[in-house]
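# Commentary on secondary and tertiary structure
Here is what each chain is made of, one letter per residue.
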Amino acid sequence: MLDRLAPAVFVLLWSTGWVSAGLAAHHSDPFTFLALRYGLSIVAFAGFCVLTGAAWPRNWQLIWRAIYSGIFLHGLYLAGLWWAIAQGVPAGLSGIIAALQPLLTAVAATWLLGERMSGLQRIGLMLGFSGIAIAISPKLLAIDPANLTQTALPLAVNLMGMVSVTYGTIYQKKHLQQGDIRAIATLQYAGAVLVTAPLALLFEDLHFDGSHEAILTLLWSIFGLSMGAVGLLLYLIRRGQVSKAASLIYLVPPMVALQAAIAFGEPLTLPMIVGTAIVVVGVYLTNRKQKAEPLPAD
């Protein structure tokens, strides 16, 4: 039952991250918010591990690998993404960069992990990216070319963040298939704090206004995103192909648009509707089970 529900729940939870980021931006500096979120996530996950009897790794190599993966999977990824958007990278263009992750992950998984993809899976990945491009095309066309040149560095940082989470995903699949996933997730947030806390101390005033909205957003970021969505992502990576798990990211931007339409009254455009339909087909093809050549056991 969990295998069937996990992908849909993951997409629903993960998509709320963009709404949370928008709300948090009004109440906190980005690195400061992320450092608080990751630090409190360590406490929450550690408590969860104690209550559920999770087995902590006794191998120092496994401990280091978990911390190291968290540096890329959480720390550098969101730090780069949040900083780039704060510096003026258009949301539509950032969405295109985010949609590159499944393609980057699929290519890297083929080279580094030896994962084999069928022709339909390759078509599904390309359809997913095409659907995202169609869905956000109105936003891309609205970008002023004169302002685009001023965002070269933020764009590069945004892209590096996407490369970081891709590398973290591959590393997770290659080196962290053993060990209790609850304890590993806790250690990964320690790695994320190692990135965001110094950035907050060096470049920000540590602003967090402590309002009810800020606290509620922080709590949701900890329990809904850090524990819920990320926990499901790690579960999906361990249970199946990395490229399949990453392809679910394609469904996130359409879900964000739907949530924005419900919560803020933003219109659903025809390109968004058409693009969403193409994305759904692409994700279905990418995640479709292969009868002829079952995946080898890990």
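We now turn to the structure provided with this report. (Residues numbered from 1 in each chain as written. Predicted model: local features only at pLDDT ≥ 70, side-chain atom pairs only at ≥ 80, totals over all residues. Heavy atoms only, no water.)

## Observations regarding the overall build of the protein
The secondary structure content of the protein amounts to 13 helices and zero strands. Listing every helix and strand of the protein by position from the N terminus yields α-α-α-α-α-α-α-α-α-α-α-α-α. Out of the 298 residues in the protein, the part that is buried amounts to 48%. In the protein, of all internal contacts separated by at least 6 residues, the share reaching a separation of at least 24 is 92%. Counting every atom, the protein has about 14,600 Å² of accessible surface; 71% of that belongs to carbon and sulfur. (Helix = DSSP H or I, 4+ residues; strand = E, 2+ residues; numbered from the N terminus. Buried < 20%, exposed > 50% of the residue type's maximum accessible area, 1.4 Å probe, protein only. Contact = heavy atoms within 4.5 Å. Areas by Shrake-Rupley, 256 points an atom, 1.4 Å probe, with all protein chains shown as cover.)

## Quick word on the pattern of salt bridges
The final tally for this structure, using the stated rule, is one salt bridge. In this structure, Arg182 and Asp180 form a salt bridge, with 2.6 Å as the shortest nitrogen-oxygen distance. Taking the relative accessible area as the measure of exposure, Arg182 reaches 23% and is therefore partly exposed. The exposure class of Asp180 is buried, given its relative accessible area of 16%. (Salt bridge = Lys/Arg side-chain N within 4 Å of Asp/Glu carboxyl O.)

## Looking at the packing of helix α2 (residues 30–52) against helix α10 (residues 212–239)
It is the contact of α2 with α10, at a shortest axis distance of 9 Å, that shows an interaxial angle of 55°. When the axis of α2 is compared with that of α10, the two are oblique. Read as a crossing pair, α2 and α10 show a hand that is right-handed. Contacts from Phe33, Leu36, Arg37, Leu40, Ser41, Ala44, Phe45 and Phe48 in α2 reach Ala214, Thr217, Leu218, Ser221, Ile222, Phe223, Leu225, Ser226 and Met227 in α10. When the residues that make up the contact of α2 with α10 are grouped by side-chain class, the tally is twelve nonpolar, four polar and one charged. (Axes fitted to C-alpha atoms, helices over the stretch in contact; angles between N-to-C directions. Parallel < 35°, antiparallel > 145°, perpendicular 65-115°, else oblique. Left-handed = near helix turned anticlockwise from the far one by under 90°. Nonpolar A, V, L, I, M, F, W, Y, C, P; charged D, E, K, R; others polar.)

## Regarding the packing of aromatic side chains
In this structure the tally under the stated criterion is ten aromatic pairs. A ring pair is formed by Trp64 and Tyr68, whose centres lie 5.6 Å apart and whose planes are at 45°; its orientation type is tilted. Remark: Tyr68 and Trp64 occur in helix α3 (residues 60–86); sequence separation between them is four residues, near one turn of the helix. Accessibility expressed as a relative area gives 22% for Tyr68, which makes it partly exposed. Here a set of aromatic residues connected by ring pairs shows up, and it is made of Trp64, Tyr68, Phe72, Tyr167 and Tyr171. (Phe/Tyr/Trp six-rings, centres within 6.5 Å; stacked < 30°, edge-to-face > 60°.)

Keep in mind these values describe shape, not function.
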